[in-house]
Amino acid sequence: MHDTFTDPTIEGTFSTTALRDTAGAYIREQVKAHKSIIRYYHQRLNALSFTCRLPPEILATIFGQLVESAHAHYAGRRKYHYGEYLTQTAPNITWIPQVSHVCSHWREVALSAPYLWSSIAMDHPSWATEMIQRSKAVPLRISYRGILYGKHGSKVESSYTILETVLCSQLARIKTLTLEPQLVAFGENTMAMGRFAKLLSMLKQPAPMLERLEIKSPLAIVNMPESNSLPDGMAAGCQRLAHLDLDGCSVAWEVSAFRHLKVLSITSLPINSRPSVAQLVALLSQTPLLESLSIGNMQTSCGTVPLQASTIILDRLEYLSYSGDLPSCTSLFDRLTVSRRAREILLHLTPETPNDSSTASLMKSLAQKLDHDIAGTVSKLELVGGIRYWKSNDLQMPEEIPTVLIAIFFPGDPFPGRVAFLQSLSLDQLQYLEIDSPNIEDDALLIFSDLPNLKSLQITSLEFRLLRILGRGMGTKRNAPVLRPSFTALKNLTIVNWAMDLTQRGKDVGISLATCFRARKKAGFCLGLLELDDCTAVDEEDLARLRNCIKKVDWDGIGEVKDSDDEAYEYEAW
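Owing to the predicted nature of the structure, the values given are computational and were not obtained by experimental measurement. Counting starts from 1 at the beginning of each chain's written sequence and moves along it residue by residue. Local features in this predicted model are restricted to residues whose pLDDT is 70 or higher, and side-chain atom pairs enter the listing and the counts only when it is 80 or higher, whereas totals over whole chains, interfaces and linings include all residues. Note: side-chain values were computed over all heavy atoms of the structure, leaving out hydrogens and water.

Peer 1: So what's going on with the side chain of Asp508? Residues and values would help.
Peer 2: Relative to the helices and strands, Asp508 is located in strand β21 (residues 507-508). Pairing of N or O atoms within 3.5 Å defines a polar contact, subject to two protein rules: one partner must be a possible hydrogen donor and the other a possible acceptor, and residues neighboring in sequence count only if both atoms are side-chain atoms. One polar contact links the side chain of Asp508 to the main-chain amide nitrogen of Gly510, over a distance of 3.2 Å. Here a helix means four or more residues in a row that DSSP labels H or I, a strand means two or more in a row labelled E, and each is numbered from the N terminus.

Given below as structure tokens:
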């Protein structure tokens, strides 16, 4: 019926321009009227759907989940920018057409929910101003990750101008502020430094809503503290600040207004902006609620804490990361009592000492301090690129209860003081050990061989060094001194990257391994499981010999298989 609709008013031909204009005006008026009718019926049809019958508060909550999901999906994406890939974490705007461009009801609900528009990335200058208006008076989350200086009228310049305006007029509304400006690509760094310093100076205004502040300075490699330091007095206006993350940007170390801080991270500081140990201790004494602490660098081997300084107790600290020289770290821990709630402690250290003996003394002191402060016993230890060990309060169920990870990283292998550190730890309850350190000291291996509860060992290379220790106390030579057996509790052994055809004194690794465990089985120290991972020159004869003296032998099948016609080559190191 409607396919054959006609309107007699405009049927026929129009011979004059006036008639054609009149007909055209009439048609446009009818089209407009019918569009309004169609829009009305569409609205009524949409109103019958389930989503449009939801209360506006519920629909707005769903929109809020969509917005958060869009931001989370966008976080971590990588963007190619002037020769490097940058991780993007700014709020995005892809959710806007999915919400406000679907129907008039959804748009009305979205516009009446100001918190949907409160996460604003200055990278989108065309939307930033509009979103600030739509957010009304709710707290804002502002992020800026653009270039600080651009051509007049460009998107870069517009973004910076809007950011400056927002910091001047809306700082009291900002709840989260992230500033990660990028280096200027075309030689305008002088102007960029000035602008960055200007942005920091604006933070001196009162910011009563500010809870999270993240600043990453593009000028961290430039020793210009006046250009990348938070303004004096800034903390006084940020009484709710709980998260402070500064990368390449320093702070006045004497401030006493950060009492509500829960997360503090200060890294990549210019040399002349780094705090002394005394300054850091003074700052930490004002942060009783701290839960996470990351310190990138301190002044090298200077600024020791006065003896009369009181000990700091951070009862809520769960995460601690420190990078710097060993003397400063030891001095810091002398005045810091680590919380019993601690879950992860990461120390990236450099010796900075004149000789190994002083390094050993400092490492011993550090180990004793950590062992005393952190509750529980050491249940797992890894020597892989450093020292990592886990402490647990219940060795019967170590995987089902919270454990504490403590990691010490030093440049080089071996690093000075490692043996002294291990000797100072209480390792009597150690159950799992992994060694991937080609230059591990013999004294360290001997420490592990005497542990009474070590059940599982994974070791990379070090074939004959381990076999020599495993065979201790298993000899049958007459008149030989009686030696204490090693690894008496060992049940599981994983050997990685072993060359089974390496030889020493006429015997290859495969034969020596079987001989060793045959003697250990005879002495009552039978191994329950032997795993061979990425081992080379493994043959069926080796496996058969091992299975005769070990309950279970697993080989991953990876690595070269030894040809019976090939002769084993001599292992020159031994």
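Peer 1: Please set out the pairing of strand β4 (residues 140-144) residue by residue, giving values where relevant.
Peer 2: Most of β4 is tucked away, with four of its five residues classed as buried. Pairing geometry for strand β3 (residues 119-121) and β4, over three bridges, is parallel. The residue of β4 that forms the bridge with Ile120 is Ile142. Convention used here: a crossover is right-handed provided that the path from the first strand, over the helix, to the second strand proceeds clockwise when the strands point away from the viewer. In this region the chain leaves β3, passes through helix α5 (residues 125-134) and returns to the parallel neighbour β4; the handedness of that crossover is right-handed. At least two bridges found by DSSP between two strands are what make those strands a pair. Pairing of β4 with strand β5 (residues 174-179) involves five bridges; the strand directions are parallel. Think of it in three bands: with a 1.4 Å probe and only protein chains considered, a residue is buried below 20% of the maximum accessible area for its type, exposed above 50%, and partly exposed in between.

Peer 1: How would you explain helix α15 (residues 540-547) if you had to name every residue and give the values?
Peer 2: For α15, the complete set of buried residues consists of Asp542, Leu543 and Leu546. When α15 is viewed along its axis, its buried side chains cluster within an angular range of 95° and face the same direction. More than 90 degrees from the buried face of α15, the exposed residues found are Glu540 and Glu541. By definition, residues are in contact when any of their heavy atoms lie within 4.5 Å. Contacts from the buried residues of α15 go to α14 (509-522), β22 (529-533) and β23 (552-555). When we speak of the arc, we mean the arc of directions from the helix axis to the C-beta atoms.

Peer 1: Would you mind going over the pairing of strand β19 (residues 492-496) in detail, with residue names and values included?
Peer 2: Taken across its five residues, β19 has four buried, putting it largely inside the fold. Pairing between strand β18 (residues 456-460) and β19: five bridges, direction parallel. Its bridge partner being in β19, Leu457 is matched across the sheet by Leu493. With five bridges connecting them, β19 and β22 associate as parallel partners. Opposite Asn492, over in β22, you have Leu529 as the bridge partner.

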